[in-house]
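# Per-entry structural report
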Amino acid sequence: MTLTTDKTADATTEHASAETIHALAAGLEGERHEPVRLAAHGLHLAYDKRTVVHGVDLEVPPGAVTVIVGANGCGKSTLLRGLGRILKPAGGHVELDGRDIARQRPRDVARLLGLLPQQPLAPEGITVADLVARGRHPHQGAFRRHGAGDAEAVAQALALTDTHELAGRRVEELSGGQRQRVWVAMMLAQDPRIMLLDEPTTYLDIAHQVDVLDLLTELNRTRGTTVVMVLHELALAARYADHLVVMHEGRLFRAGPPAEVLDADCVREAFGLEARVVPDPVTGSPLVVPVGRHQRRA
Amino acid sequence: MTAVDTAPPTAAPDDAAARLAAARSGLRVDRRRRRVRTSVVTSVLAVVAVALVVTALMLGDFPLAFRQVVDVLTGGGDDIARLVVVEFRGPRLVLAVLVGVALGVSGALFQSVLANPLASPDIIGVSQGASAAAVAALLLGGLTGLALSASALAGGLAVGLFLYAVAWRGGLAGHRFVLSGIGVAYACASVIGYVLTRSDVQEAQAALLWMTGSVAQADWPLVRLLGSTLAVLLPLVALVARPLQVLLLGDQQARALGLRPELVRAVVLGLGIALACAATAAAGPVAFVAFTAAPVARRLVGDGGLALVPSALVGLVLVLGADVVAQHVLPADMGVPVGVVTGAIGGPYLIWLMATLRARPA
Ligand SMILES: Nc1ncnc2c1ncn2[C@@H]1O[C@H](COP(=O)(O)OP(=O)(O)OP(=O)(O)O)[C@@H](O)[C@H]1O
Ligand SMILES: [Mg+2]
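Residues numbered from 1 in each chain as written. Chains lettered and ligands numbered in written order. Predicted model: local features only at pLDDT ≥ 70, side-chain atom pairs only at ≥ 80, totals over all residues. Heavy atoms only, no water.

### Thoughts on the coordination of the magnesium ion (ligand 2)
Residue and element names in this part refer to chain A. Protein ligation of the magnesium ion (ligand 2) involves S77 (OG) and Q118 (OE1), the donor distances falling in the range 1.9 to 2.2 Å. With S77 in helix α2 (residues 76–83) and Q118 in the loop between β6 (113–116) and α4 (128–134), the pair connects residues that are 41 residues apart, well separated along the chain. For Q118, a relative accessible area of 30% gives the class partly exposed. (Donors = N, O, S within 2.8 Å, 3.2 Å for Na, K, Ca; no water. Helix = DSSP H or I, 4+ residues; strand = E, 2+ residues; numbered from the N terminus. Buried < 20%, exposed > 50% of the residue type's maximum accessible area, 1.4 Å probe, protein only.)

### Describing the site of ligand 1
Residue and element names in this part refer to chain A. Taken together, 15 residues form the shell around ligand 1, and within it N72, G73, K76, S77 and T78 come nearest. For ligand 1, an oxygen atom lies 2.9 Å from a polar atom in the side chain of N72. K76 places a side-chain nitrogen or oxygen 2.7 Å from an oxygen atom of ligand 1. Isolated, ligand 1 exposes 630 Å² of accessible area, and the fraction of that covered by the protein chains is 64%. When contributions to the shell around ligand 1 are tallied by element, the ones reaching two or more residues are β2 (50–60) and α2. Considering each element in turn, the shell around ligand 1 owes the most residues, four residues, to α2. Its residues assigned to classes, the shell around ligand 1 comprises four nonpolar, seven polar and four charged. (Near = heavy atom within 4 Å. Polar contact = N/O pair within 3.5 Å; in protein donor to acceptor, adjacent residues only side chain to side chain. Areas by Shrake-Rupley, 256 points an atom, 1.4 Å probe, with all protein chains shown as cover. Nonpolar A, V, L, I, M, F, W, Y, C, P; charged D, E, K, R; others polar.)

### Here we look at the confidence of the model for chain A
Confidence along chain A averages 86 in pLDDT terms, with 90% of residues attaining 70 or more. Of the regions scoring below 50 in pLDDT, residues 1–12 of chain A engages in seven contacts with residues more than four places distant in sequence or in other chains. (pLDDT = per-residue confidence, 0-100. Contact = heavy atoms within 4.5 Å.)

### Section: the interface of chain A and chain B
Contact with chain A, which involves 60 residues of that partner, is made by 37 residues of chain B. Of all residues in chain A, the largest losses of buried area upon contact with chain B belong to E124(A), R134(A) and H137(A), amounting jointly to 15% of the total for that side. If you look at where chain A meets chain B, you find three salt bridges. Per element, the largest residue contribution to the side of chain A that touches chain B is seven residues, and it comes from helix α5 (residues 148–160) of chain A. Looking at the side of chain A that touches chain B, its residues break down into 27 nonpolar, 16 polar and 17 charged. (Buried area = accessible area lost by both parts, 1.4 Å probe. Salt bridge = Lys/Arg side-chain N within 4 Å of Asp/Glu carboxyl O.)

### A word on the pattern of salt bridges
Enumeration over the complete set of coordinates arrives at 20 salt bridges over all chains. Of the charged contacts in the structure, one is a salt bridge between D162(A) and R19(B), with a shortest N-O distance of 2.8 Å. Residue D162(A) is located in the loop between α5 and α6 (176–190), and its partner R19(B) is located in helix α2 (residues 12–58); the two belong to separate chains. The class for D162(A) is buried, based on a relative accessible area of 10%. On the basis of relative accessibility, which here comes to 4%, the residue R19(B) falls in the buried class. Its salt-bridge partner being R254(A), residue D263(A) comes within 3.2 Å of it at the nearest N-O pair. On the accessibility criterion, D263(A) (27% relative accessible area) is partly exposed. On the accessibility criterion, R254(A) (27% relative accessible area) is partly exposed. Counted as one network, the salt bridges with shared partners bring together D130(A), R134(A), D30(B), R33(B) and R34(B).

### Some remarks on the sheet that holds strand β8 (residues 226–230) of chain A
All names here are of chain A. With mixed pairing, six strands are arranged side by side in an open sheet as β6-β7-β8-β3-β9-β10. The two strands at the open ends of the sheet, each matched to only one other strand, are β6 and β10 (251–256). Neighbour to neighbour, the strand axes of the sheet diverge by 15° on average, direction disregarded. Where strand β3 (residues 65–70) lies against strand β9 (residues 243–248), five bridges are found, and the strand directions are parallel. Counterpart to T66 in the pairing with β9 is H243. (Pairing = 2+ DSSP bridges. Axes fitted to C-alpha atoms, helices over the stretch in contact; angles between N-to-C directions.)

See the structure below:
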């Protein structure tokens, strides 16, 4: 038996088929990107005086999907903020396209690199259309207003994220999952070559989680977009990552292809969890099965 | 399951096209709806403003007919009517208009950039700083006229800079700015009280009048000065409007979208302070206009935008309307300054705002 979503169970949302996504992604403005390099060298990040990320060296593989995993509070979001120059390094530096990111013009950086925070804010009363359109900001000047190209990019972003029916709705009136997809749409509208996403699948039902991850993979495959995202679901992380980064207490614990990185030792060290790692029945990628304290088979 | 299994597979390109079409039309509809609402609100406010202007010009010791006012405004009219409109009522009217616009825009800038409805120059001490400086200049230094206005300007700017320095911790903390501002407002009030009690009753009376905010003292040079200040400041406001809109998404998002949040915030606050100080220097601290104009305008427009133009118009309507009421509705011998009326509107307004605020999910 195969696992298919029962479409009759979800009358309000029709998931886009793989072909639809492919057709939409292929029609996106512009052609395939040249991958852009992003790397952290000896990166220390701190809040006030408290250092949270300690000397991380990370070469993000250009044109690949990198997934960062790790326990709560281990510094994943902080690292992402550092990579996205939201947070100034307390030591070391980040290079984008071979040059120190801090020395580049913010607008130029924003065309190459986008970041979706873990808990983004929407101004009260704003509509989905208006919010997603703000993703176009780096492509507009003080005098160049919202043009036809911008409108088309926004329409495509909505269509790709299953939010095309929501354009006129107020963001605050959406469900958590709908809102999350709107944020992903905003990132698509920004159309950067490197997308940094902090837990883009929170709040999403299992089908929409897979949808968003499939969409990002599709963008990666058809357009060469580099994707770096934080995920908590290890099974999905192992499936979708070309490159898996495991963080532990503010340091890079392990990095590499999921099959090499993810084993029982790694899960024990990084998460403090006893687990068995078995091959995923669908993809063969490592599947972490927690042992837990009370549910052992007799 | 059988229903799904037997359903024909969707032709992907068709589905893609249909989705795109739905998205495009959704965007168009949303854009049109927001535009229509904004322009309806703006036009209604503009009509009210024009009606108030004409009313203000008609009323007074020498009443003019509607026709006469319109004639003068369109470049005609008899000499007497022109004298009344241009020399007697003109300066006061235009000053009220300019002060209303400046305060409305200033409040809108403050409240949006600090993401706090309490963040308005008349709450967080900028207006009070201007008053304290002006009162001290008037009573201790004997300054009047433009020198008095200049001291008010300096006082307000000093408070703004002080708050910036206090609230800066490697970035501006909005709540710290607002809370220290409220503290500064009280400190300024006590400075004012001290200076007032030390001076004689006559002088104190003049200072008190200035402090309630009044446009009665208007003359053309003063109006021209404020007018040219606004002519410089308002275009700058228009320039920062777009970055400010992105900043409303929060610092992280704004930075991710290629903005320098601290720079934008500094420029916006600078403009807000300058506008509030300019208005206060010209007319004294007209209470509650900066505080009320933007929330009212924003609620009318209701799309989460900045609503700068509607805020300016609401400010204008408030000040001008309050001045008309102060001059012509209240008994003539009271000589109530405009600030008393706006203050009397502002208090109940705040209560209404709190009572009707939509419940927001946590
Ligand atoms: N804005 C902040 N100010 C001060 N400390 C912070 C801030 N954000 C995070 N921290 C601290 O930094 C550490 C790392 O936080 P971070 O958000 O990077 O963790 P994370 O790995 O993303 O966790 P989660 O899985 O829960 O999202 C934590 O100890 C947290 O308390
Ligand atoms: Mg996090």
